[in-house]
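# Summary of the model geometry
This is what each chain is made of:
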Amino acid sequence: MDSRRPLIAGNWKMHKTGKQAVDSIRQLKDLTSSVTDVEIMVAPPFTALSQISAELGAGGNIALGAQNMHWESEGAFTGEISANMLKSAGCRYVILGHSERRQFFGETDQTVNKKIKAALSAGLAPVLCVGETEKQRNENKTFNILDKQIKIGLENFVLNALQSLVVAYEPVWAIGTGKTATTDQAQEVHNYLRKWFAKEYGTEFSQKLRILYGGSVKPANIKDLMAMPDIDGALVGGASLDPNSLSQLVHYKS
Ligand code: PGA
């Protein structure tokens, strides 16, 4: 038996104004108030963070996350947000290296590495996203790509620094496409990643590490995914926007 507490995370991407986000969070709070065995995280756009944080208050079962940040602590970086700003806005988590950041905004494994470092020093838990494209999968390069993403993304981190790390496996071909990896495909990769972490950081660490699956997760497929031994939660885009659907995901056991 492991002690990994399941984490269901909603990535709202570029959706919802402050008011819409607050409305959604109020509904979600009502719908999930009795949930204790699953951790819930929502990552709204930056503009809604403070409002949501005030709405959540302290001590609830919903944690706040951000979708991205810059690695510098402050300075002349127009349009960017620092780890400390996120922390003081009430964030506990920050999603880093999401494939949309890599695809559309030039994020590289090297910048992801710097961001993870900055997040950890500010006391934010990084959710490191990794995953292969369809072409890479078809060319049998999935594991090579993942190796590169985690190796460079986590280069120069000692074990102790990484205690709050969460990893999300999100095959790029499954994001927003309605195509989910089969439970076996996802489990194969999650198991590979856990073994990688065991080799690199030891079994104790790898057994504690939460590895989320992301890519077209919805109420209809979450139960089967969560039944896999190395899947510890989900990072959900589209199906997290509607509070009812997100609540169903959180209640995947029932
Ligand atoms: P999706 O997005 O659930 O809409 O496929 C997942 C993600 O990008 O984190």
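Calculation rules
Residues numbered from 1 in each chain as written. Predicted model: local features only at pLDDT ≥ 70, side-chain atom pairs only at ≥ 80, totals over all residues. Heavy atoms only, no water. Core = buried A, V, L, I, M, F, W, Y, C linked by side-chain atoms within 4.5 Å. Buried < 20%, exposed > 50% of the residue type's maximum accessible area, 1.4 Å probe, protein only. Helix = DSSP H or I, 4+ residues; strand = E, 2+ residues; numbered from the N terminus. Pairing = 2+ DSSP bridges. Phe/Tyr/Trp six-rings, centres within 6.5 Å; stacked < 30°, edge-to-face > 60°. Lys NZ or Arg CZ within 6 Å of the ring centre and 35° of its normal.

### Remarks on the nonpolar core
Ranked by internal contacts, the top residues of the largest apolar core, which has 66 residues, are Ile8, Met69, Leu154, Leu193, Phe197 and Tyr213. When residues of this core are assigned to their parent elements, the largest contribution, 6 residues, is made by helix α8 (residues 183-201). Formed by 14 residues, the second largest nonpolar core is a distinct cluster that contains Ala43, Val127, Val166 and Leu235.

### Some words on the pairing of strand β6 (residues 166-169)
Along β6, one buried face is formed by Val166 and Ala168 and the opposite face, lined by Val167 and Tyr169, is buried too. Sheet topology note: the strand β5 (residues 125-130)/β6 ladder contains 4 bridges and is parallel. Each residue of the ladder has a partner; that of Val130, found in β6, is Tyr169. Of the pairings in the sheet, the one linking β6 to strand β7 (residues 210-214) comprises 4 bridges and is parallel in character. Each bridged residue has a counterpart across the sheet, and for Tyr169 the counterpart in β7 is Tyr213.

### Points about the packing of aromatic side chains
A ring pair, where both rings are aromatic, is described by two values, the distance of the centres and the angle of the planes. Evaluation of the coordinates by the stated rule reveals 8 aromatic pairs. Here Phe197 and Tyr201 contribute two aromatic rings whose centre-to-centre distance is 6.2 Å and whose plane-to-plane angle is 20°, an arrangement assigned as stacked. With a gap of 4 residues between them, Phe197 and Tyr201 both fall in helix α8, about one helical turn apart. Neither residue differs from the other here; Phe197 and Tyr201 are each classed as buried. Taking the centre distance of 6.2 Å and the plane angle of 40° together, the rings of Phe197 and Phe205 count as tilted. Owing to a relative accessible area of 0%, Phe197 belongs among the buried residues under this scheme. An aromatic cluster is defined as three or more aromatic residues linked by ring pairs; in this entry it consists of Trp196, Phe197, Tyr201 and Phe205. Looking at Lys16, its charged tip hangs above the ring of Trp12, at a distance of 4.9 Å from the centre.

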